[in-house]
Amino acid sequence: MTEHTTPRQSGISCDVCRDLAPLVADGVASADSAALVKEHLARCEACRTEFPQLSPEGTENPAVPALPVPDESRVLRRVQNKLTLWLLGFLVLGLGGSMLVVFSPHSTLALLCFPLVCGVICWFDDFLWRLVPVLAALVWFVWTLAAELPYYTSWQAAVLSSATGALWPFVFCVIGALAASLFKYAFGKTGKEK
């Protein structure tokens, strides 16, 4: 990069222009700063060559293409998809871990595991959390049915016992979602901010 400075008759120097130009290109500079940079680029060939995407009309360098503008909706969609994948992974690990805790000597910790998993997912996703209580009850039902079926004389009694027991994780998950919703409300995170 060559060192060059323009005398400050009116406007800004090349050094100031080089400092402000990236901010103007990103759209985060004030309107006054953007106007000063554009004015400087209109009269300074060296800076115009260095920042062709900011050159005023009629002075653009056709040999250097302008930087592409990112598609904000596409970027936002990619971030949301990544967050959803992380939450699904957390859901699988959280429910599996909760079930392991239930059948461990520390089964009282399950009172915290189910609400915690559902609460975290409720905090980050306004839709996915609705699946958590149902999935928790389903996992509980299948897990306990498989574990207790040999101890019952009839399969109907085992199904009834497992279905009754599956209400507890459902209720605990709903309590976790309610707590997360109250925290979201208290901290002003309504999910409607765009």
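For every chain, the first residue of the written sequence is number 1, and numbering continues from 1 onward in sequence order. Local features are withheld for residues below a pLDDT of 70 in this predicted model, meaning they are given only at 70 or higher, and side-chain atom pairs are given and counted only at 80 or more; totals for whole chains, interfaces and linings count all residues. With hydrogens and water stripped out, all remaining heavy atoms of the structure feed into the side-chain values.

What should I look at first to understand the overall build of the protein in this one?
In DSSP terms, a helix is any run of H or I states spanning at least four residues, a strand is any run of E spanning at least two, and both are numbered starting from the N terminus. Secondary structure summary: the protein contains 8 helices and 0 strands in total. In sequence order, the protein lays out its α and β elements as α-α-α-α-α-α-α-α. Burial classes: relative accessible area under 20% of the type maximum marks a residue as buried, over 50% as exposed, and values in between as partly exposed (1.4 Å probe, protein chains only). The burial tally for the protein puts 31% of its 194 residues in the buried class. Sequence-distant contacts in the protein: of pairs separated by 6 or more residues, those separated by 24 or more amount to 56%. Counting only carbon and sulfur atoms, one obtains 68% of the accessible surface of the protein, whose full area is about 13,100 Å². Residue contacts are defined here by distance: any two heavy atoms, one from each residue, within 4.5 Å place the two residues in contact. Accessible surface is estimated by sampling points in the Shrake-Rupley manner with a 1.4 Å probe; for residues, cover comes only from the protein chains shown.

What exactly am I supposed to notice about a nonpolar patch on the surface here?
Taken together, the side chains of Phe127, Leu131, Leu135, Leu138 and Val142 define a hydrophobic patch exposed on the protein surface, amounting to about 460 Å² of accessible area. Following the sequence through the fold, Phe127 ends up in the loop between α5 (110-124) and α6 (131-148). With relative accessibility at 53%, the residue Phe127 sits in the exposed group. Patch membership requires more than 30% relative accessible area and the absence of a salt bridge. Residues of like charge join within 9 Å; the nonpolar side chains Val, Leu, Ile, Met, Phe, Trp and Tyr join within 5 Å. A pairing counts as a salt bridge when a side-chain nitrogen of Lys or Arg comes within 4 Å of a carboxyl oxygen of Asp or Glu.

So what exactly am I meant to see when it comes to a positive patch on the surface here?
Charged residues are defined narrowly, with Lys and Arg counted positive, Asp and Glu counted negative, and His plus the chain ends left uncounted. Every charge is mapped onto a representative atom, which is NZ of Lys, CZ of Arg, CG of Asp or CD of Glu. Together, Arg74, Arg77, Arg78 and Lys82 make up a region of like positive charge exposed at the surface. Here Lys82 shows up in helix α4 (residues 72-102).

Help me understand the nonpolar core in this model?
Side chains of nonpolar character tend, in soluble globular proteins, to be buried together. Buried Ala, Val, Leu, Ile, Met, Phe, Trp, Tyr and Cys residues form a nonpolar core when they are joined through side-chain atoms within 4.5 Å. Leu91, Phe114, Ile121, Val132, Trp140 and Cys173 are the most contacted members of the largest nonpolar core, which has 20 residues in total. Secondary structure elements with two or more residues in this core: α4, α5, α6 and α8 (167-186). When sequence neighbours within four positions are dropped, the list of residues in contact with Val132 reads Leu91, Val117, Cys118, Ile121 and Cys173. If you look at the next biggest cluster of nonpolar residues, it comprises 13 residues, including Ile12, Cys17, Ala21 and Cys47.

Help me understand the environment of Leu36, please; the structure alone is not making it clear to me.
You can see Leu36 is positioned in helix α2 (residues 31-43). C-alpha separation for the pair Leu36 and Gly11, spaced 25 residues apart in sequence, amounts to 6.1 Å. Residue contacts for Leu36: discarding those within four places in its chain leaves Gly11 and Ile12.

Mind showing me how you'd approach the pattern of salt bridges here?
Once their charged atoms are close, side chains differing in charge can pair, the charge on each being opposite to the other. Scanning all chains against the criterion turns up 3 salt bridges. Linking Asp15 and Arg18 is a salt bridge whose minimum nitrogen-to-oxygen distance equals 2.3 Å. Of this pair, Asp15 and Arg18 both sit in helix α1 (residues 14-26), 3 residues apart, which is roughly one turn of that helix. Owing to a relative accessible area of 32%, Asp15 belongs among the partly exposed residues under this scheme. Its relative accessible area of 14% is what places Arg18 among the buried residues. With a closest N to O distance of 2.5 Å, Asp126 and Lys184 form a salt bridge. Here Lys184 lies in helix α8 and Asp126 lies in the loop between α5 and α6, a separation of 58 residues in the sequence. Asp126 gets classed as partly exposed once you look at its relative accessible area, which sits at 36%. According to the relative accessible area criterion, Lys184 is buried, its value standing at 7%.

I would appreciate a short explanation of the packing of α6 against helix α7 (residues 155-165) in the present structure.
When two helices pack together, their arrangement is captured by the angle between the axes and the distance separating the axes. Simply put, an axis is a line fit to the C-alpha atoms, just over the touching stretch for a helix, and the angle between two N-to-C directions goes from 0 to 180 degrees. For the pair α6 and α7, the least separation of the axes is 8 Å and the interaxial angle reads 145°. Once α6 is placed against α7, the crossing between them reads as right-handed. Residues Trp140, Phe141, Thr144, Leu145 and Glu148 of α6 lie in contact with α7, whose contacting residues are Ala158, Val159, Ser161, Ser162, Ala163 and Gly165. Class assignment for the residues of the contact of α6 with α7 results in 6 nonpolar, 4 polar and 1 charged. Note on convention: near helix rotated counterclockwise from far helix by under a right angle means a left-handed crossing. Clockwise means right-handed. Residue polarity follows a fixed list, in which Ala, Val, Leu, Ile, Met, Phe, Trp, Tyr, Cys and Pro are nonpolar, Asp, Glu, Lys and Arg are charged, and the others, Gly among them, are polar.

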